[in-house]
Amino acid sequence: MFLSTQDFATVVRSTPLSSIDLIVENAQGEYLLGKRTNRPAQGFWFVPGGRVQKDETLADAFARLTQAELGLSLPITAGQFDGVWQHFYADNFSGEDFSTHYIVLAFRLRVEESALALSDEQHNEYRWWTPSALLAADNVHDNSRAYFQDARRAGVPGL
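Conventions adopted
- Residues numbered from 1 in each chain as written.
- Predicted model: local features only at pLDDT ≥ 70, side-chain atom pairs only at ≥ 80, totals over all residues.
- Heavy atoms only, no water.
- Helix = DSSP H or I, 4+ residues; strand = E, 2+ residues; numbered from the N terminus.
- Rg over C-alpha atoms; globule rule 2.2 N^0.38 Å.
- Contact = heavy atoms within 4.5 Å.
- Areas by Shrake-Rupley, 256 points an atom, 1.4 Å probe, with all protein chains shown as cover.
- Lys, Arg positive; Asp, Glu negative; His and termini not counted.
- Charge placed at Lys NZ, Arg CZ, Asp CG, Glu CD.
- UniProt positions renumbered as here; feature names shortened; annotations may be inferred.
- Buried < 20%, exposed > 50% of the residue type's maximum accessible area, 1.4 Å probe, protein only.
- Core = buried A, V, L, I, M, F, W, Y, C linked by side-chain atoms within 4.5 Å.

A. Structural detail: the overall build of the protein chain. Within the protein chain, the secondary structure is distributed over four helices and seven strands. Going from the N terminus to the C terminus, the protein chain shows its helices and strands as α-β-β-β-β-α-β-β-β-α-α. For 159 residues, the compact-globule estimate of 2.2 N^0.38 gives 15 Å, and the C-alpha radius of gyration of the protein chain, at 15 Å, lies within 12% of that figure. Across its three principal directions, the C-alpha atoms of the protein chain cover 45 × 35 × 35 Å. Taking all contacts inside the protein chain whose residues are at least 6 apart in sequence as the whole, residues at least 24 apart take part in 69%. With the model as given, the accessible surface of the protein chain reaches about 8600 Å², and the carbon-plus-sulfur share is 49%. Counting 13 positive and 20 negative side-chain charges, the protein chain places the averaged centre of each group 4 Å from the other.

B. Structural detail: the UniProt feature "binding site: substrate" (unreviewed entry) in the protein chain. Taking the UniProt record as the reference, the feature "binding site: substrate" (unreviewed entry) is found at F2, L3, F8 and R36. Looking at L3, the relative accessible area reads 41%, which means it is partly exposed. Excluding anything up to four places from it in sequence, L3 contacts F8 and V11. With respect to the secondary-structure elements, F8 resides in helix α1 (residues 5-14). Once residues lying within four places of it in the same chain are set aside, the contact partners of F8 are L3, L17, R51 and F93.

C. A look at the nonpolar core. Grouped together as the largest cluster of nonpolar side chains are 24 residues, with contacts concentrated most on L33, W129, L134, V140 and Y147. Counting only elements with at least two residues in this core, the list comes to α1, β1 (17-25), β2 (31-36), β3 (45-46), β5 (80-89) and β6 (100-110). What L33 contacts, discounting residues up to four positions off in sequence, is W45, F46, V47, E125, Y126, R127, W129, L134 and V140. Counting residues in hydrophobic clusters, the runner-up holds 17 residues, among them L72, L105, F107 and L109.

D. Expanded view of the environment of V24. Within the element layout of this structure, V24 appears in strand β1. V24 sits in the buried class, given a relative accessible area of 0%. For V24 and G79, which are 55 residues apart along the polypeptide, the C-alpha to C-alpha distance reads 9.2 Å. Residues within four places of V24 in sequence aside, it is in contact with E30, Y31, L32, P48, L70, L109, V111 and W128.

Pasting the structure below:
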């Protein structure tokens, strides 16, 4: 089910969104980031991922998002759950004056670089980063940088 732009704006203005982020590592211990073309976080380097859709199981969302973002439809068991995160943005997809709030389920996974078919729908460029390089870069979004710092976790016990 797809919402009209107006209905989706009402949702973003009124509630948090649920999403899955993919912390993708290659054999060299580098992590995949894409340069975002859309709001929020437009122009920043960010991990792949996307929203969970209404009535979609997390397993189905994971398979859909890995296919859409990486060109590989992977089962949720291919990822290692990395916890619940909160992402807050001052802007939103529409450019109107309201914020965006995500509750994010992050998953780490290792992939063979040659198997990837990266999408240009949300990112116009991709790069593999070492953890130290992405932590030091000011154009890597804080929400992606946080996956490499323990202090920013949502604080959900047992996760």
